[in-house]
Amino acid sequence: IPEHFHWGHNQRAHFVIMSAVLALALAAIAAPMQIDQGTLPIAIFDGSSKLSWKTENDPVMGGQSTSTFTIDDTTKVGKWAGQVRIVPFLKAAGFCTVRGNGAIPSLDSYDGMQITLIRESSTNISKYQLQFTSSVKGVDPRGGSFQADVVITESTAAQTIFVPFSDFVEDFRGQKVGGPPSAKQLASIEQIGLGSDGIVGDFAIDIVEIVATSTPPPKPSPSAAEQILISFEEGDHKYTWFVVNDPVMGGRSKSTFTDVNGVGIFNGTVAIVPSLKAPGFCNAEAKPSFGQPKIPEIPTFLSGGLVYTLKSTGPLNSFKACFGTSAQYDFGSYKADFTVETTSDVQEIYIPFSNFSNKWSAATGEPTTPCDAAHPEVCPTAKHLSDIGAVGLWAEGSAGDFHIELQSISASMGPPNRR
């Protein structure tokens, strides 16, 4: 072997060190770059986005709604404006949408989307739908499209709204065909957009940006006093009401529930059920319909209760408050008695959660097992208060006419005069 091929100890050590350095450098090049998973821009309007935007309105199905979309290069916002009108042959409100198509990075490592926008003063529609489409279908082959409601407050200041992916539902032309998106679906998004569907009115929205985020803005902690669950103003706390009367079991009671000028009117008569020779019932409950937000989670109010703000001008003064989880319906829900005065004055009725029981007679509505220290299994828990699927009231146990004007239902840490 030639002399110059014999390495000394120092030369070998130098070679080993240099080889290790080179290996680390090559590994760094080959490894995927670790990026900050905090926020990922999806739609921005500074000229760097490659999405192609266009509107689609209900004239594609015979409607008369219109909208336009332009990008303002000066303010760097996407300006979407239009009018949602009645579709003549459906006799129902139509829709407007704006959608951006193009390459969208994988969002499977993020928790949700965050949209920042500005509501112009001419806008009189508050509820919209944040939408996206994945090339990966769900169980239903018609799937792949997702939407979730966003509610814009009546302010001309910029608003940032976070929507977790768990709030999105898979749909096909407004019909629910699946649940939230899977990781594979989030990794293959090809379209994003905003819609206005089902409410007649005018709108003018400036979209500042849409981003994916794993660090949503912290939710405001509930005040020490109150968290609204149900109201009759446009927004997150307005839900669809359903009425059930005892004729479903052979009775003669009757009632209606209507929304009149921002107040829920529960009006009716509890009559004697002939077969039971006892008073029947009337029940009204608010439940989120498809596309509506969930009823707020209130586990921190477990040591408090519910407050019903109402007027009662009918002779019947005995009622029951009720709520159930998303897996409980009617006869599996929690109930508690309360009484009202017959007066035109507004009353705030406080019912502690410790008064509620989910074991009660289907015939009388009265608890068969009260919530107490001996029977904690029938009491509400923080878990139950984190998954409320319905809230309402019953007129049962006493016969008579009633007229309730319900303004709101809230969770409270104590009676109104002690908060």
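The sections below set out a description of the structure shown in this document. None of these values were measured; they are calculated from a predicted model.

1. What about the overall build of the protein chain?
Part 1 of the reasoning: Within the protein chain, the secondary structure is distributed over three helices and 28 strands.
Part 2 of the reasoning: Of the roughly 21,200 Å² that the protein chain leaves accessible, carbon and sulfur atoms contribute 56%.

2. Considerations on the pairing of strand β27 (residues 388-396)
Part 1 of the reasoning: Burial of β27 is extensive: nine of the nine residues sit out of reach of the surface.
Part 2 of the reasoning: The pairing of strand β24 (residues 318-325) with β27 spans six bridges and is classified as antiparallel. Along β27, the bridge assignment pairs K320 with W394.

3. Here we look at the pattern of salt bridges
Part 1 of the reasoning: A full pass over the atoms with the stated rule returns ten salt bridges.
Part 2 of the reasoning: Ionic pairing is found between E56 and R99, a salt bridge with its closest N-O pair at 3.4 Å. Here R99 lies in strand β7 (residues 95-101) and E56 lies in strand β2 (residues 52-57), a separation of 43 residues in the sequence.
Part 3 of the reasoning: According to the relative accessible area criterion, E56 is partly exposed, its value standing at 32%.
Part 4 of the reasoning: For R99, a relative accessible area of 22% gives the class partly exposed.
Part 5 of the reasoning: The shortest N-O distance in the salt bridge between E396 and K335 comes to 2.2 Å. With E396 in strand β27 and K335 in strand β25 (residues 334-339), the pair connects residues that are 61 residues apart, well separated along the chain.
Part 6 of the reasoning: Look at E396 and you get buried, because its relative accessible area is 4%.
Part 7 of the reasoning: Relative accessible area serves as the criterion here: at 5%, K335 is assigned to the buried category.
Part 8 of the reasoning: Via salt bridges that share partners, K79, E120 and D206 belong to a single interconnected network.

4. Let's talk about the environment of Y239
Part 1 of the reasoning: The residue Y239 is located in the loop between β16 (226-231) and β17 (240-245) in this model.
Part 2 of the reasoning: The spatial distance from the C-alpha of Y239 to the C-alpha of K287 is 6.0 Å, given a sequence separation of 48 residues.
Part 3 of the reasoning: A polar side-chain atom of Y239 sits 3.5 Å from the main-chain amide nitrogen of I295.

5. Remarks on the side chain of S357
Part 1 of the reasoning: With respect to the helices and strands, the residue S357 is situated in the loop between β26 (343-352) and α3 (382-385).
Part 2 of the reasoning: Here S357 falls in the buried class, since its relative accessible area comes to 1%.
Part 3 of the reasoning: Only 2.6 Å separates the side chain of S357 from the backbone oxygen of T369, close enough to count as a polar contact.
Part 4 of the reasoning: Look past the residues within four positions of S357 in its chain and what remains in contact with it is S333, Y334, K335, P367, T369, P370, C371 and V378.

6. Focus on the sheet that holds strand β14 (residues 189-197)
Part 1 of the reasoning: Taken in spatial order, the seven strands make up an open sheet running β2-β7-β14-β9-β10-β12-β13, and their pairing is antiparallel. With one partner strand each, in any of the chains shown, β2 and β13 (175-176) form the two edges of the open sheet.
Part 2 of the reasoning: Sheet analysis places β2 next to β7, joined by six bridges and oriented antiparallel. Opposite E56, over in β7, you have T97 as the bridge partner.

7. Comments concerning unusual backbone geometry
Part 1 of the reasoning: One non-glycine residue, K91, lies in the positive phi region at around 55°.
Part 2 of the reasoning: Mapped onto the elements of the fold, K91 is located in the loop between β5 (86-87) and β6 (92-93).
Part 3 of the reasoning: Taking the relative accessible area as the measure of exposure, K91 reaches 70% and is therefore exposed.
Part 4 of the reasoning: Residues other than glycine seldom take positive phi values, yet N261 does so here, at roughly 50°.
Part 5 of the reasoning: With respect to the helices and strands, the residue N261 is situated in the loop between β18 (254-260) and β19 (263-270).
Part 6 of the reasoning: Using a relative accessible area of 77% as the deciding quantity, one classes N261 as exposed.

8. Some thoughts on the environment of N283
Part 1 of the reasoning: Within the fold, N283 resides in strand β22 (residues 281-287).
Part 2 of the reasoning: For N283, a relative accessible area of 2% puts it in the buried group.
Part 3 of the reasoning: Sequence separation between N283 and E396 is 113 residues, and the spatial gap between their C-alpha atoms is 8.2 Å.
Part 4 of the reasoning: Of note is the side chain of N283, whose polar atom sits 3.5 Å from the side chain of E285.
Part 5 of the reasoning: Here the side chain of N283 touches L393 through a polar contact of 3.2 Å, landing on its backbone oxygen.

9. Observations concerning the state of the cysteines
Part 1 of the reasoning: For the structure shown, the criterion picks out one disulfide.
Part 2 of the reasoning: The residue that forms a disulfide with C371 is C379, at a sulfur-sulfur distance of 2.0 Å. A torsion of 110° about the S-S bond marks the disulfide between C371 and C379 as right-handed.
Part 3 of the reasoning: Assessed through its relative accessible area of 18%, C371 is described here as buried.
Part 4 of the reasoning: Residue classification places C379 among the buried residues on the basis of a relative accessible area of 10%.

Thresholds, definitions, all that
- Residues numbered from 1 in each chain as written.
- Predicted model: local features only at pLDDT ≥ 70, side-chain atom pairs only at ≥ 80, totals over all residues.
- Heavy atoms only, no water.
- Helix = DSSP H or I, 4+ residues; strand = E, 2+ residues; numbered from the N terminus.
- Areas by Shrake-Rupley, 256 points an atom, 1.4 Å probe, with all protein chains shown as cover.
- Buried < 20%, exposed > 50% of the residue type's maximum accessible area, 1.4 Å probe, protein only.
- Pairing = 2+ DSSP bridges.
- Salt bridge = Lys/Arg side-chain N within 4 Å of Asp/Glu carboxyl O.
- Polar contact = N/O pair within 3.5 Å; in protein donor to acceptor, adjacent residues only side chain to side chain.
- Contact = heavy atoms within 4.5 Å.
- Disulfide = S-S within 2.5 Å.

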